[in-house]
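# Inside the fold
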Amino acid sequence: MPTRILPAVGDADAVRSITTLLSQLPDAEPMAPVIDSTQLVDTLARLAAESIDELPEVVVVHERIGPVPALELIREVALRFPAVGVVLVTSDASPGLFQAAMDYGARGLAALPLSYEELASRVHAVAQWSSGVRRHLGAGGDVFTGVGGTVVTVSGAKGGVGVTLTAIHLALAAQASGRSAALVDLDLQSGDVASFLDVQFRRSVVDLATITDISPRVLADAVFRHDTGLTLLLAPAEGERGEDVTDRAARHILGALRSRYEVVVVDTGAQLVGAGAAAVETADTALLVTTPDVVSVRGAKRTVRMWDRLQIRKAEETTIVVNRHTRSTEIQPPLIQKITGTTVAATVIPANFKELQQVVDAGRVHELENKSAVKQALWTLAGELDLVKPTEGAHKSGRLRGDRLRGDRGAVSIRRRKDGGG
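I will try to describe carefully the structure that is included in this document. Bear in mind that the values here come from a model prediction, so they are computed numbers and not experimental data.

About the cut-offs
Residues numbered from 1 in each chain as written. Predicted model: local features only at pLDDT ≥ 70, side-chain atom pairs only at ≥ 80, totals over all residues. Heavy atoms only, no water. Buried < 20%, exposed > 50% of the residue type's maximum accessible area, 1.4 Å probe, protein only. Helix = DSSP H or I, 4+ residues; strand = E, 2+ residues; numbered from the N terminus. Pairing = 2+ DSSP bridges. Axes fitted to C-alpha atoms, helices over the stretch in contact; angles between N-to-C directions. Left-handed = near helix turned anticlockwise from the far one by under 90°. Contact = heavy atoms within 4.5 Å. Nonpolar A, V, L, I, M, F, W, Y, C, P; charged D, E, K, R; others polar. Parallel < 35°, antiparallel > 145°, perpendicular 65-115°, else oblique.

## A closer look at the pairing of strand β6 (residues 150–156)
Among the seven residues of β6, six are classified as buried, and the element is accordingly described as predominantly covered. With five bridges joining them, β6 and strand β11 (residues 285–290) adopt parallel strand pairing. Considered in β11, the bridge of T153 is made with A286.

Structure, rendered in structure tokens:
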């Protein structure tokens, strides 16, 4: 069977050189080259949606691919498409870069200028590895399918601003609308998702921290299936064990979850640790929850600036969620947006602790009544973020005609986020 090879090369001269050499390899079937990182990921996602067998065995990534740097792109491909082997083509063949490429998930490295013998050797070895992985996965039926879900992180400007409640109800709204959803507690030392949902558990995210090949079967053993249908991956009961979840482990775990669920909501808490930082960095949407008071807004500004300094997330790529909002407060969403330089979600969460007190004290926040203004706002926020599946008969504007989410008949209509704004 011929080896399918997908070149990812942005430079026109390099495209000609690499495709010419690839076409000369025995039993090789070069695919049409892609010119940037976005086109590569989109192409692989489209092929994966059809079948894992449609994916190329080998992807050749040129060092000058963009806009995502080559190593970051390799990491994303390795996480989202684990049966695809990547060869990095680079002018720097030093041991340091070789080790870095392997750490990011590459299966081989070929030095520029390319030689036929070296390229043939690397492609052959990686193709054999890819075929072996597919045989192994196929034998047990443990193959991740799908184009990859949406990852949303929920972080706090400081402690006590409502991060966990927000994360839980965003995940519940997605699940109730018919999408498969997972909720991950990466507040590793003080996570409260289990307490809020009245869950007794034995396994946690720590059980996946040292596993390099997270198959669906391994993942299923680590998660907890809640009565609502929501899949939970919980923080450890012993906070000190959270140190075992490194940033690299967090990326690997979230990549496995993204491959299996349509929506993955991650509670990162209010403290920045490596695992939470990795989640925020790789998320499709990063939410930062604040309350409309001076201390919390200062905390939000401080967090946004820190994320920017550490190159985790730019301010304009962060969305602020205002919790416990009242019309009488002096600090309103437009002012928060101006102070933090972020986008602010159009949906605000009203201040109404009386609605929440009983379910919070009982540890059953999933039983919050449908008529609750807080629940309605949180589920509307899920719609604004495109986490829910639109029902049949929805208007083109995005507002749902029936004002219903499957399995929750009291929910308000869902407003989908407009292009370019929150």
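Once the structure has been displayed, the description carries forward.
## Some words on the packing of helix α11 (residues 294–309) against helix α12 (residues 333–340)
Running from amino to carboxyl end, α11 crosses α12 at an angle of 35°, the nearest separation of the two axes being 9 Å. The interaxial crossing formed by α11 with α12 has right-handed handedness. For the pair α11 and α12, contact is made by V297, A300, K301 and V304 and by I336, I339 and T340, respectively. Here the contact of α11 with α12 is composed, by residue class, of five nonpolar, one polar and one charged.

## Regarding the packing of helix α9 (residues 247–260) against helix α10 (residues 274–282)
Put simply, α9 and α10 touch, their axes get as near as 7 Å, and they point 45° apart. Between α9 and α10, the angle is such that the two are oblique. Every pair of crossing elements has a handedness; the one defined by α9 and α10 is right-handed. Residues D247, A250, R251, L254 and R258 of α9 lie in contact with α10, whose contacting residues are G274, A275, A278, A279, E281 and T282. Per-class residue counts for the contact of α9 with α10 are five nonpolar, two polar and four charged.

## A closer look at the sheet that holds strand β10 (residues 263–269)
The strands making up a sheet are joined through hydrogen bonds of the backbone, oriented either antiparallel or parallel. The eight strands lie next to each other as β8-β9-β7-β10-β6-β11-β12-β13, forming an open sheet whose pairing is mixed. Where the open sheet ends on each side, the last strands, each with one partner, are β8 (224–225) and β13 (343–344). Sheet topology places strand β7 (residues 181–185) next to β10; five bridges connect them, and they run parallel. Bridge assignment links V184 to a residue of β10, and that residue is V266. Set on the sheet, helix α6 (residues 163–176) makes contact with β6, β7, β10 and β11; between it and β10 the angle comes to about 175°. Its contacts with the sheet place α10 against β6, β10 and β11, and it is angled at close to 140° to β10.

## Focus on unusual backbone geometry
The peptide bond linking G66 to P67 adopts the cis configuration, its omega dihedral lying at 0°. Its location among the elements puts P67 in the loop between β3 (58–62) and α3 (70–80). Positive phi values are uncommon outside glycine, yet Q311 reaches one of about 60°. Structurally, the position occupied by Q311 is in the loop between α11 and β12 (318–322). In this structure, D386 takes a positive phi of about 65° despite not being glycine. On the secondary structure map, D386 appears in the segment after α14 (373–384). Looking at D386, the relative accessible area reads 32%, which means it is partly exposed.

## Looking at the sheet that holds strand β1 (residues 3–8)
Read from one edge of the open sheet, five strands run β2-β1-β3-β4-β5, paired in parallel fashion. Edge positions in the open sheet fall to β2 (28–30) and β5 (108–111), since each of these has one partner strand only. The sheet shows a mean angle of 25° between the axes of neighbouring strands, direction not considered. Of the strand pairs in this sheet, β1 and β2 are connected by three bridges, and their pairing is parallel. Opposite I5, over in β2, you have P30 as the bridge partner. Lying over the sheet, helix α1 (residues 12–24) contacts β1, β2, β3 and β4 (85–90), oriented at roughly 170° with respect to β1.

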